[in-house]
Amino acid sequence: MLPPTLRPRFPGQLALALARDRLRLFQRMAAELGDVSRVTVAGQHVVLLNHPDLVRDVLVTHQRQFAKGRGLEQARRLLGNGLLTSEGDAHLRQRRLVQPAFHRERIATYAGIMTRYAERESARWRPGETLDAGAAMMRLTLAIAARTLFDADIEAEAAEVGTAIDTAMRAFGFALLPFSERLERLPFSPLRRFERARARLDAVIYRLIAERRRDVHDRGDLLSMLLLAREADGDGGGLTDEQLRDQVMTLLLAGHETTANLLTWSWHLLARHPEAERRLHQELDEVLGGRAPTMDDVPSLPYARRVLAEAMRLYPPAWIVGRRALEPYEVRGYTLPPGTIVLASQYLVHRDPRWHADPERFDPDRWLPEAAAARPRFAYFPFGAGTRVCIGEQFAWTEGVLVLATIARRWRLCSASDAPIGLRPSITLRPAAPVWMRLERRG
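Given the structure is predicted, the values throughout are model-derived calculations rather than measurements.

The next subject is the sheet that holds strand β1 (residues 36-41). Spatially, β1-β2-β8-β5-β3 is the arrangement adopted by the five strands of the open sheet, whose pairing is mixed. What marks the edges here is a single partner per strand, and that holds for β1 and β3 (66-68). Here the strands of the sheet are splayed against their neighbours by 30 degrees on average, with no regard to which way each runs. Judged from the three bridges that link them, β3 and strand β5 (residues 321-325) form a sheet pairing that is antiparallel. Each residue of the ladder has a partner; that of Phe66, found in β5, is Ala325.

The following block contains the structure:
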């Protein structure tokens, strides 16, 4: 027995929705069919779970009954067999290899770079000018990720890399379609643009690897650790260029794309909510007194962290997680057959009024400890959960707080337009258009 199904209103509707407007499709499924609903696309069962307990069961309690879903399978086209896309023992080996780079002690050494690069970015700004906040945050977090994780300066190539990433993200939605393999044969297929964008990114990454191979020593960054690593289950040799490429591509994109989106949405929300902005500035003035923030200041900036937490509730950078059932799976009296794609959307659960009162309202104080503790654990899961929980969660929190504090202590980013900001859900949840902000210097 399968859960209720949402039927298309005209042929091809669901395929089009999966490519262009997945959020609206999943919102409709949750609204019309409840906590367990499904669509069938080209014979493939796709089930959406919309309850914290069901999310917990799939991501944690029964996680061994699932493998990664179609989204991560298709992400391999860009990321290769890196940490995000690998499975089973290979995933565990890679996670153990990469984990030391994200220990608290190592993140503390990155904090100075995060603050310094944020100051350098904002030093280019001028009062009264209009800024695309999304482009600025992408440029900033890309530079931070390259320097902290790979001890590389790719600022000269930032525009090229940014364009290639944007092209890949735009085309990725088509790669999720059940018939995407057929699209590749078309002369003007969006997947052809995807391949060209990947080739541009590969050129940058393989050049970086080649440069570092000529001078292999421990610089204290992740790439040094990878270059010096020896495979425990192979011939004892080091990682190949292709293996290095997959890890660098995964962590470079994951290490900057999600944080850039988080910061962009945070500036947008603060500009639309002046009282929240005032309280953030008050906290920064009291704690920092005009100086730049350090790692030691992060625990003393709870309101800044609550701003970020609330921005991730409303606009989670990772907006949906997918798994594929490996065996029959029971959920709410339904039996899902092996191969069923099971989805859980952070965007939907985070905006569910059962768990978040007045869910469309931006309210950082809903993350005060007592308020947060009153909600189910999986009513909020921006970094996923289980063995595949985001390895860079603490890196992201630290970078988010330090960048927000560094910039907001000197600048106000004011909305340059009252027009609503649309959403572009791909691998991450991006704004659909530039987020134009007018710059005002504080003090």
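Our focus in this paragraph is the pairing of strand β8 (residues 341-344). On β8, burial covers both faces: Ile341 and Leu343 on one face and Val342 and Ala344 on the other are all buried. Relative to β8, strand β2 (residues 44-49) runs parallel, the two sharing four bridges. Bridging from a neighbouring strand, Val47 pairs with Val342 of β8. As defined by bridge partners, β5 adjoins β8 across four bridges and the pair is classed as antiparallel. Among the inter-strand pairings, Val321 is bridged to a residue of β8, identified as Ala344.

What follows concerns the environment of Ala158. Position of Ala158 relative to the elements: it lies in helix α8 (residues 158-175). The exposure class assigned to Ala158 is buried, which follows from its relative accessible area of 15%. Taking the C-alpha atoms as reference points, Ala158 and Ala143, separated by 15 residues in sequence, lie 7.8 Å from one another.

The subject of this paragraph is the pairing of strand β12 (residues 436-441). Where strand β4 (residues 130-132) lies against β12, three bridges are found, and the strand directions are antiparallel. For Asp132, the partnering residue across the bridge sits in β12 and is Trp436. Pairing of strand β9 (residues 411-415) with β12 involves five bridges; the strand directions are antiparallel. Bridge assignment links Ser415 to a residue of β12, and that residue is Met437.

Okay, unusual backbone geometry next. Positioned with a positive phi, Arg332 is a non-glycine residue whose angle comes to about 50 degrees. Note that Arg332 resides in the loop between β6 (329-331) and β7 (334-336). Its relative accessible area of 46% is what places Arg332 among the partly exposed residues. Despite not being glycine, Asp358 shows a phi value in the positive range, around 45 degrees. Here Asp358 is to be found in the loop between α15 (346-350) and α16 (369-373).

Before going further, it helps to spend a moment on a positive patch on the surface. The grouping of Arg192, Arg193, Arg196 and Arg200 at the surface amounts to a positive patch. Summarising the element assignment, Arg200 is placed in helix α10 (residues 190-213).

What follows is about the pattern of salt bridges. This structure, assessed with the given rule, holds 34 salt bridges. Through salt bridges with shared partners, one network takes in Asp35, Arg332, Asp352 and Arg354.

Structurally, Gln394 can be placed in helix α17 (residues 393-408). Residues Gln394 and Ile107, spaced 287 residues apart in sequence, show a C-alpha to C-alpha distance of 8.0 Å.

Tallying each qualifying case throughout the model produces eight aromatic pairs. Taking 5.7 Å as the distance between ring centres and 65 degrees as the angle between the ring planes, the aromatic pair formed by Tyr110 and Phe395 counts as edge-to-face. Taken together, the residues span a long stretch of sequence, with Tyr110 in helix α6 (residues 104-123) and Phe395 in helix α17 at a distance of 285 residues. Accessibility assignment for this pair places Tyr110 and Phe395 in one class, buried. Judged by centre distance (6.0 Å) and plane angle (50 degrees), the rings of Phe383 and Trp397 are tilted. Highlighted residues: Phe383 in the loop between α16 and α17 and Trp397 in helix α17, separated in sequence by 14 residues. As far as the burial class goes, Phe383 and Trp397 line up, both buried.

Direction vectors running N to C along helix α12 (residues 241-272) and α17 enclose 40 degrees, while the axes themselves pass 10 Å from each other. Classified by the angle their axes make, α12 and α17 are oblique. Regarding α12 and α17, the two cross each other, and that crossing is right-handed. Contacts between α12 and α17 involve Gly255, Thr259, Leu263, Ser266, Trp267 and Leu270 from the first element and Phe395, Ala396, Glu399, Gly400, Val403, Leu404, Ile407 and Ala408 from the second. Looking at the contact of α12 with α17 residue by residue, the classes come out as nine nonpolar, four polar and one charged.

Structurally, the position occupied by Ser86 is in the loop between α4 (70-79) and α5 (88-98). Assessed through its relative accessible area of 6%, Ser86 is described here as buried.

What counts as what
Residues numbered from 1 in each chain as written. Predicted model: local features only at pLDDT ≥ 70, side-chain atom pairs only at ≥ 80, totals over all residues. Heavy atoms only, no water. Pairing = 2+ DSSP bridges. Helix = DSSP H or I, 4+ residues; strand = E, 2+ residues; numbered from the N terminus. Axes fitted to C-alpha atoms, helices over the stretch in contact; angles between N-to-C directions. Buried < 20%, exposed > 50% of the residue type's maximum accessible area, 1.4 Å probe, protein only. Patch = residues over 30% accessible without salt bridge, like charges linked within 9 Å, V, L, I, M, F, W, Y side chains within 5 Å. Areas by Shrake-Rupley, 256 points an atom, 1.4 Å probe, with all protein chains shown as cover. Salt bridge = Lys/Arg side-chain N within 4 Å of Asp/Glu carboxyl O. Lys, Arg positive; Asp, Glu negative; His and termini not counted. Charge placed at Lys NZ, Arg CZ, Asp CG, Glu CD. Phe/Tyr/Trp six-rings, centres within 6.5 Å; stacked < 30°, edge-to-face > 60°. Parallel < 35°, antiparallel > 145°, perpendicular 65-115°, else oblique. Left-handed = near helix turned anticlockwise from the far one by under 90°. Contact = heavy atoms within 4.5 Å. Nonpolar A, V, L, I, M, F, W, Y, C, P; charged D, E, K, R; others polar.

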